[in-house]
Number of protein chains: 2
Amino acid sequence: MHTDIKIVLVNTTHSGNIGGVARAMKNMGLADLVLVGPKSFPSAEASARAAGADDILATATVVDSLQQAIAGCQLVFATSARERHIPWPIMDPREMAAAISVAGKTADNSSVAIVFGREDRGLTNEELHLCQHHVCIPSVANFSSLNIAAAVQVIAYEIRMASVSDITDQAPQWGTSWDAPLAEQHELELMFEHFESTMVKTGFLDPDNPRQFMTRLRRLIMRALPDKIEVNILRGMLTSITKYIASEKK
Amino acid sequence: MHTDIKIVLVNTTHSGNIGGVARAMKNMGLADLVLVGPKSFPSAEASARAAGADDILATATVVDSLQQAIAGCQLVFATSARERHIPWPIMDPREMAAAISVAGKTADNSSVAIVFGREDRGLTNEELHLCQHHVCIPSVANFSSLNIAAAVQVIAYEIRMASVSDITDQAPQWGTSWDAPLAEQHELELMFEHFESTMVKTGFLDPDNPRQFMTRLRRLIMRALPDKIEVNILRGMLTSITKYIASEKK
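Owing to the predicted nature of the structure, the values given are computational and were not obtained by experimental measurement.

Draft legend 1. Up close: the overall build of chain A. Summing up its helical and strand segments, chain A has 10 helices and seven strands in all. For chain A, the proportion of its 250 residues judged to be buried stands at 56%. Counting only contacts in chain A whose residues sit at least 6 apart along the sequence, the fraction spanning at least 24 positions is 83%. Looking at chain A as shown, the accessible area adds up to about 10500 Å², and 52% of this sits on carbon and sulfur atoms.

Right, dumping it as structure tokens:
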């Protein structure tokens, strides 16, 4: 069992910070640094701040886009200080480390990326939506922005703590102020019936030989604990298919 | 009940580091900085690295000796990377934060100092022996020395976590032997594109007014961390819809 963990920095402006990140990573046993469009790299400032972590800088990868940086990763975490308009599953760094640890135990190889945004304005919404989880370091509200090397230090420290102490008892929390209540059992069941009848109509599902389709679909969707708006969206999607079929049949 | 927590820096050489420490403290809600014989203070470098934590610098106390800095404190922790000749009680930062938290709950007022040594050689044995507990950040053995601002960040983060966290949760119970590897980033992106194009065809999604459909769908499915089989099933479902539409149009 092996876990690859990449630290991904998006559009870092201050070269010294890249060196500070490299030092923080090496202190905590991380080695894989990916730079998305850094303003200047390599640089003397980065090497100076790395203070002996030059090997991390020497093997760092420079890419053009976040998509390239996280291609092939199975778990992608975005660090974010700000609250966003649409809530996304949010973890603190300890929960993130536990999730990485759990993933590492349930797969032969797991590939993880942790993404850090620009010094002045973090990540865009589009970049955040490429990531499965948002990780928020619990800073004070009126002075919330950590130096990027300090943020990497905290994240890397939690990963190190999880690896040396095997602490996996922190469950991910999905934020206390989600924007819709969770769907109820019967809403889920009606939705699954709707999926089933629609997929029989399209010919995807053979009622005489359903195989595992409904089971796997159910497991997938239930694992996400869908809220009521999400269930309505999925049902609206199904209704649009049925209506299309009905209108074509006239 | 009130806990005073001082961060004490002994003979700091690089002025910028004092600013980095101030920023890390303010991010995590700490305010009381004590400098024992700093090489240069105040300084422009410190203010620049403080990045808005100037109030911490402005109210910092400068003293001549560690004894003065910790006079009156009830709990005194020394940070130390090195193993010492004479073993001393050693805690990791989380244990330290728990000890501070317990002390704060069992006394009306508690006064705590956490002591950080010189950038190049830490604290002397005499200084270490003035402190009740030694705190060791679990860095890797062959690259153990953290930047002092990074070390303060980790310590302050643990204190903050102890004050804000409600640690009662269980690890995610998603099975110990999942039956398929997790989907990779590009597989997920292709699936979302497939969803989008299909829903435009059925008329559910108006490309000129997409509203939040794709964002919410993405949030739902990514939250579940889909595996490769699940992605194939969803894409098969989408293909069946497209084929149905194509066959009806003939």
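Draft legend 2. Quick look at the domain arrangement of chain A. Structurally, chain A comprises domain 1 (2–165) and domain 2 (185–249). Once you take the C-alpha centre of each, domain 1 of chain A and domain 2 of chain A turn out to be 37 Å apart.

Draft legend 3. Focus on the pairing of strand β4 (residues 75–79) of chain B. All names here are of chain B. Most of β4 sits out of view: five of its five residues are buried. Burial along β4 is two-sided: L75, F77 and T79 facing one way and V76 and A78 facing the other are all buried. Pairing of β4 with strand β7 (residues 133–135), which is carried by three bridges, proceeds in the parallel orientation. From the neighbouring strand, F77 faces β7, where its bridge partner is H133.

Draft legend 4. Expanded view of the packing of aromatic side chains. The full count for this structure, using the stated rule, is two aromatic pairs over all chains. Between F204(A) and F213(A) the ring centres are 5.1 Å apart and the planes differ by 80°, which places this aromatic pair in the edge-to-face class. Geometry around F143(B) places K26(A) over its ring, the cationic atom sitting 4.6 Å from the centre.

Draft legend 5. Focus on the packing of helix α8 (residues 185–202) of chain B against helix α9 (residues 213–223) of chain B. All names here are of chain B. The geometry of α8 relative to α9 is characterised by a closest axis approach of 11 Å and an angle of 140° between their N-to-C directions. By the angle between their directions, the pair α8 and α9 is classed as oblique. Note on packing geometry: the crossing formed by α8 with α9 is right-handed. From α8, E189, M191, F192, F195, E196 and M199 reach across to α9, where they touch F213, M214, L217, R218, I221 and M222. Split into classes, the residues belonging to the contact of α8 with α9 amount to nine nonpolar, no polar and three charged.

Draft legend 6. How the structure looks around the side chain of T79(A). Locating T79(A) in the fold gives a position in strand β4 (residues 75–79). Reaching out from T79(A), the side chain makes a polar contact with the backbone oxygen of V115(A) at a distance of 2.8 Å.

Analysis parameters
- Residues numbered from 1 in each chain as written.
- Chains lettered and ligands numbered in written order.
- Predicted model: local features only at pLDDT ≥ 70, side-chain atom pairs only at ≥ 80, totals over all residues.
- Heavy atoms only, no water.
- Helix = DSSP H or I, 4+ residues; strand = E, 2+ residues; numbered from the N terminus.
- Buried < 20%, exposed > 50% of the residue type's maximum accessible area, 1.4 Å probe, protein only.
- Contact = heavy atoms within 4.5 Å.
- Areas by Shrake-Rupley, 256 points an atom, 1.4 Å probe, with all protein chains shown as cover.
- Domains from an automatic or database assignment.
- Pairing = 2+ DSSP bridges.
- Phe/Tyr/Trp six-rings, centres within 6.5 Å; stacked < 30°, edge-to-face > 60°.
- Lys NZ or Arg CZ within 6 Å of the ring centre and 35° of its normal.
- Axes fitted to C-alpha atoms, helices over the stretch in contact; angles between N-to-C directions.
- Parallel < 35°, antiparallel > 145°, perpendicular 65-115°, else oblique.
- Left-handed = near helix turned anticlockwise from the far one by under 90°.
- Nonpolar A, V, L, I, M, F, W, Y, C, P; charged D, E, K, R; others polar.
- Polar contact = N/O pair within 3.5 Å; in protein donor to acceptor, adjacent residues only side chain to side chain.

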